[in-house]
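# What the coordinates show
If you want the building blocks of each chain, they are given just below.
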Amino acid sequence: MSEPARRTLVRGGTVVTAAGSAVADVRLADGTIVEIGRLEAGPGEEVVDAAGCYVLPGGVDFHTHIDAVFRGSIRTADDWRTGSAAAAAGGTTTVVDFCRAEDGQPLAEAIGEWRDRVAAQDPWIDYGVHAILVQPDEERLAELDALPGLGVASVKLYLAYPGRMMSDDRALFRTMQRAAELGLLVLVHAENGHAIDVLVEEALAAGHVEPEWHGHTRPPLTEAEAVSRATVLARIAGAELYVVHLSSLRALEEVRRAAADGAGVHAETCSHYLVLDESMLAGAPREEAARYVCSPPTRSKDDQAGLWRALGDGGIEVLASDHCPFALRGEKIVEGDFTHIMNGLPGVEQRLMIGYSGVARGAYSIERFVDITSTTPARLAGLYPRKGGIAIGSDADLVILDPAGRTRFSAETHHSAVDYLPYEGIEVDGAIRDVFAGGRRVLRDGELQPAARGGRFLARSTIAPTASRGRRLSEPHPPEPHVLEQRRGATS
Ligand code: URP
Ligand code: ZN
Ligand code: ZN
């Protein structure tokens with residue numbers, strides 16, 4: 001006899017999607033959403049009371065570095081056990097992480113090994129992967145043909161970190177041409193690595209070794225130049241471009257200009273740029289300042305205000321975390337000059353609540369909050385409508401957020417393995433109460449439930465390969481018909 005369906009009724013919450021909000025009940029069965037409307041509990045069904053709370057689609061974080069190695073041998077603080085626990089506790093039910101093949105290692109082999117390594121750690125939530133390319137030659141580019149069949153729909157190149165990760169313009173442009181043919185999204189870390197190297201040499205020669213010089217040697221124009229170059233090359237190649245961790249107003253101008261020109265360009269900013277700024281490094285003791293070192297660096301208050309605005313007006317479409325934690329008493333490397341400090345910050349657990357704080361500050365609506373943290377990243381990832389919405393047939397990934405609660409960020413209570421938090425002590429309105437991932441209640445009344453682990457690898461769809469692209473992937477999209485049909489049923 002087959003097992004009876006595992007059913008849960010989430011009752012009485014305000015269901016929010018990117019398209020609208022309404023009070024409704026949501027029925028989950030065997031990992032998917034099966035009914036939405038005014039629903040009666042069935043015999044033996046688990047009922048979760050969500051009255052007074054928001055019911056949101058699970059968060060989709062399009063940019064994490066979990067269990068990743070940088071500079072040859074330095075591993076991030078979180079493996080998949082702790083990194084995915086932190087994600088789940090913070091309301092993120094899908095992450096898209098990165099796989100980098102060793103020099104000479106076939107991409108398909110690296111992706112296979114990456115999958116095996118992640119699966120062996122039994123993640124809490126579902127996961128997909130981007131392929132990192134470092135100065136790809138024609139042989140490497142020929143391997144891109146295999147990516148769609150492996151469920152990998154995006155590649156990432158670094159325009160920074162010469163000698164370690166950087167790709168030159170030829171490699172970037174050739175990748176864009178192949179990506180346009182294959183329907184792969186091209187991600188870029190957009191900073192001009194050569195100019196930054198020169199500025200770093202000059203700063204060190206002048207005796208500037210303190211962490212704040214990490215920021216001074218990466219001014220906004222080094223970011224804007226790289227964004228501009230990437231958008232122009234993407235237009236020529238007909239590629240769909242995604243700028244990761246956009247941090248400055250000047251770089252944002254380049255995105256806006258390219259989008260207005262018809263480029264298929266999408267920009268992401270990260271939670272840390274919304275709450276941290278350059279003043280936190282200035283003049284601070286070395287160990288304090290090192291906590292905030294990331295690339296691009298945290299910027300001015302004006303930049304910060306501009307990023308909030310752009311999340312509201314659509315100039316920036318995605319809020320990601322770039323979760324890349326290094327232990328302060330270990331891998332972060334606080335000693336020596338600023339070039340030794342490992343750049344990268346934690347944030348996968350705080351991203352959603354930092355994003356939600358934008359609703360209270362009037363930066364955008366609750367629907368827009370869902371859009372930037374779940375729906376649009378799911379679309380760009382090639383995972384929508386399975387992820388990123390609340391509709392019949394979608395995965396049962398839900399967050400119950402209590403607007404009357406309060407959240408205080410602290411390394412004493414977070415679930416990441418990293419030993420500090422750059423957001424230490426920051427408080428925001430609202431609290432994540434429950435999280436369902438594939439119908440499993442991974443967070444219950446604020447407590448992680450280890451028995452509910454069970455994340456799966458996500459094979460992602462490519463974007464339609466075409467040479468004429470525009471900003472259509474995540475433009476205001478039609479309402480989700482299933483949700484609206486059910487809502488109409490609920491009110492008639
Ligand atoms: O500082 C950052 N962003 N570290 C993570 C690696 C990267 O550049 O994405
Ligand atoms: Zn980066
Ligand atoms: Zn990153």
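To start, this report covers the structure provided alongside it.

With that settled, consider the overall build of the protein chain. Secondary structure assignment for the protein chain yields 14 helices and 19 strands. Relative to its length of 492 residues, the protein chain is compact, with a C-alpha radius of gyration of 22 Å against a globular reference of 23 Å. Principal-axis analysis of the C-alpha atoms gives the protein chain an extent of 75 × 50 × 45 Å. In the protein chain, which comprises 492 residues, the share counted as buried stands at 61%. In the protein chain, of all internal contacts separated by at least 6 residues, the share reaching a separation of at least 24 is 77%. Averaging the positions of the 50 positive and the 70 negative side-chain charges in the protein chain gives two centres separated by 3 Å.

Attention now moves to the packing of aromatic side chains. Per the stated rule, a full pass over the model turns up eleven aromatic pairs. Judged by centre distance (6.4 Å) and plane angle (65°), the ring pair of Tyr 54 and Tyr 356 falls under edge-to-face. Remark: Tyr 356 occurs in helix α12 (residues 351-360) and Tyr 54 occurs in strand β5 (residues 54-57); sequence separation between them is 302 residues. By relative accessible area, Tyr 356 is classed as buried at 8%. Following the ring pairs from residue to residue traces out a cluster consisting of Trp 80, Trp 114, Tyr 127 and Phe 457. Just above the ring of Phe 98 sits the side chain of Lys 156; from NZ or CZ to the centre is 4.4 Å. The ring centre of Tyr 384 lies 4.2 Å from the NZ or CZ of Arg 379, which sits over that ring.

Here the focus is α12. Of all ten residues in α12, eight are buried; the element is thus mostly enclosed. What α12 keeps buried is the set Arg 351, Leu 352, Met 353, Ile 354, Gly 355, Tyr 356, Ser 357 and Gly 358. Gly 362 lies just past α12 and shows a positive phi near 80°.

Right, let's get into helix α7 (residues 220-237). The end-to-end C-alpha distance of α7 is 26 Å, a good match for the 26 Å that 18 residues give at a rise of 1.5 Å each. Turning to α7, its buried residues are Thr 222, Glu 223, Ala 224, Ala 226, Val 227, Arg 229, Ala 230, Thr 231, Leu 233, Ala 234 and Ala 237. Those residues of α7 that are buried are in contact with α4 (169-182), β12 (185-189), α5 (193-205), β13 (240-243), α8 (249-260) and β14 (265-270). Once α7 finishes, Gly 238 follows within two positions and takes phi at roughly 75°, a positive value.

Protein coordination of the zinc ion (ligand 2) is provided by His 189 (ND1) and His 245 (NE2), with donor distances spanning 2.1 Å. One can describe the site at the zinc ion (ligand 2) as irregular: its four donor atoms subtend angles covering 58 to 145° at the metal. A separation of 3.7 Å is found between the zinc ion (ligand 2) and the zinc ion (ligand 3). Here His 189, found in strand β12, pairs with His 245, found in the loop between β13 and α8; they are 56 residues apart in sequence, far enough to count as distant. Residue His 189 is classed as buried on the basis of its relative accessible area of 1%.

Taken together, 14 residues lie near ligand 1, and Tyr 161, His 189, Ser 295, Asp 322 and Asn 343 sit nearest. Here an oxygen atom of ligand 1 and a side-chain polar atom of Tyr 161 are 2.9 Å apart. Between ligand 1 and Ser 295, the relevant distance is 2.8 Å, taken from an oxygen atom to a main-chain nitrogen or oxygen of the residue. Calculation on ligand 1 without its partners gives an accessible area of 260 Å², and the protein chains cover 99% of this total. Among the detected pockets, ligand 1 sits in the largest cavity. The residue makeup of the shell around ligand 1, split by class, is five nonpolar, seven polar and two charged.

Attention now moves to the side chain of Ser 295. Along the chain, the position of Ser 295 falls in the loop between α10 (286-290) and α11 (301-313). A polar side-chain atom of Ser 295 sits 3.2 Å from a polar atom in the side chain of His 214. A polar contact is formed between the side chain of Ser 295 and the side chain of Asn 343, at a distance of 3.4 Å. Non-local contacts of Ser 295, meaning those with residues more than four positions away in its chain, are made with Tyr 161, His 189, Glu 191, His 214, Arg 218, His 245, Tyr 273, Asp 322 and Asn 343.

Conventions adopted
The residue count restarts for each chain, going from 1 along the sequence in the order it is written. Written order determines the labels here, with chains lettered from A and ligands numbered from 1. Local features are withheld for residues below a pLDDT of 70 in this predicted model, meaning they are given only at 70 or higher, and side-chain atom pairs are given and counted only at 80 or more; totals for whole chains, interfaces and linings count all residues. As a convention, hydrogens and water are excluded, and side-chain values are obtained from all of the structure's heavy atoms. We count a stretch as a helix when DSSP gives it H or I for four or more residues in a row; a strand needs E for two or more, and each element gets its number in order from the N terminus. Our radius of gyration is a C-alpha quantity, and the globule rule it is checked against amounts to 2.2 Å times the number of residues to the power 0.38. We call a residue buried when its accessible area falls under 20% of the maximum for its residue type, exposed when it is over 50%, and partly exposed in between, using a 1.4 Å probe and counting protein chains only. It only takes one pair of heavy atoms within 4.5 Å for two residues to be counted as in contact. This count recognises Lys and Arg as positive and Asp and Glu as negative, with His and chain-terminal groups excluded. Positions of charges follow a simple convention, taking NZ of Lys, CZ of Arg, CG of Asp or CD of Glu. Centre distance within 6.5 Å is the pairing criterion for rings of Phe, Tyr and Trp, where only the six-membered ring of Trp is used; planes under 30 degrees apart are then read as stacked, over 60 as edge-to-face, and the remainder as tilted. Note on geometry: a ring has a charge over it if NZ (lysine) or CZ (arginine) is within 6 Å of the ring centre and within 35 degrees of the ring normal. Between the first and last residue of a helix there are one fewer steps than residues, each counted as 1.5 Å, and that sum is the expected span. Water is not among the atoms examined, so metal sites may look incomplete; donors are the N, O and S atoms within 2.8 Å of the metal, or within 3.2 Å for Na, K and Ca. All geometry calls rest on donor angles, where a four-donor set with angles between 85 and 135 degrees is tetrahedral, four- and six-donor sets with opposite donors more than 155 degrees apart and all others between 65 and 115 are square planar and octahedral, and all else is irregular. Nearness is defined per residue: one heavy atom within 4 Å of the molecule or strand is enough. The definition of a polar contact used here is a pair of N or O atoms within 3.5 Å, where within protein one atom must be able to donate a hydrogen and the other to accept one, and adjacent residues in sequence count solely through side-chain atom pairs. Accessible surface is estimated by sampling points in the Shrake-Rupley manner with a 1.4 Å probe; for residues, cover comes only from the protein chains shown. Points on a 1 Å grid over protein atoms alone make up a cavity when a 1.4 Å probe fits among them but cannot get out, and a pocket when they form an open set with protein on both sides within 12 Å along at least five of seven lines; lining residues each have an atom within 4 Å of a point. To qualify as sitting in a cavity or pocket, a molecule needs more than half of its atoms within 2 Å of the grid points. Under the scheme applied, nonpolar residues are Ala, Val, Leu, Ile, Met, Phe, Trp, Tyr, Cys and Pro; charged residues are Asp, Glu, Lys and Arg; polar residues are all the others, including Gly.

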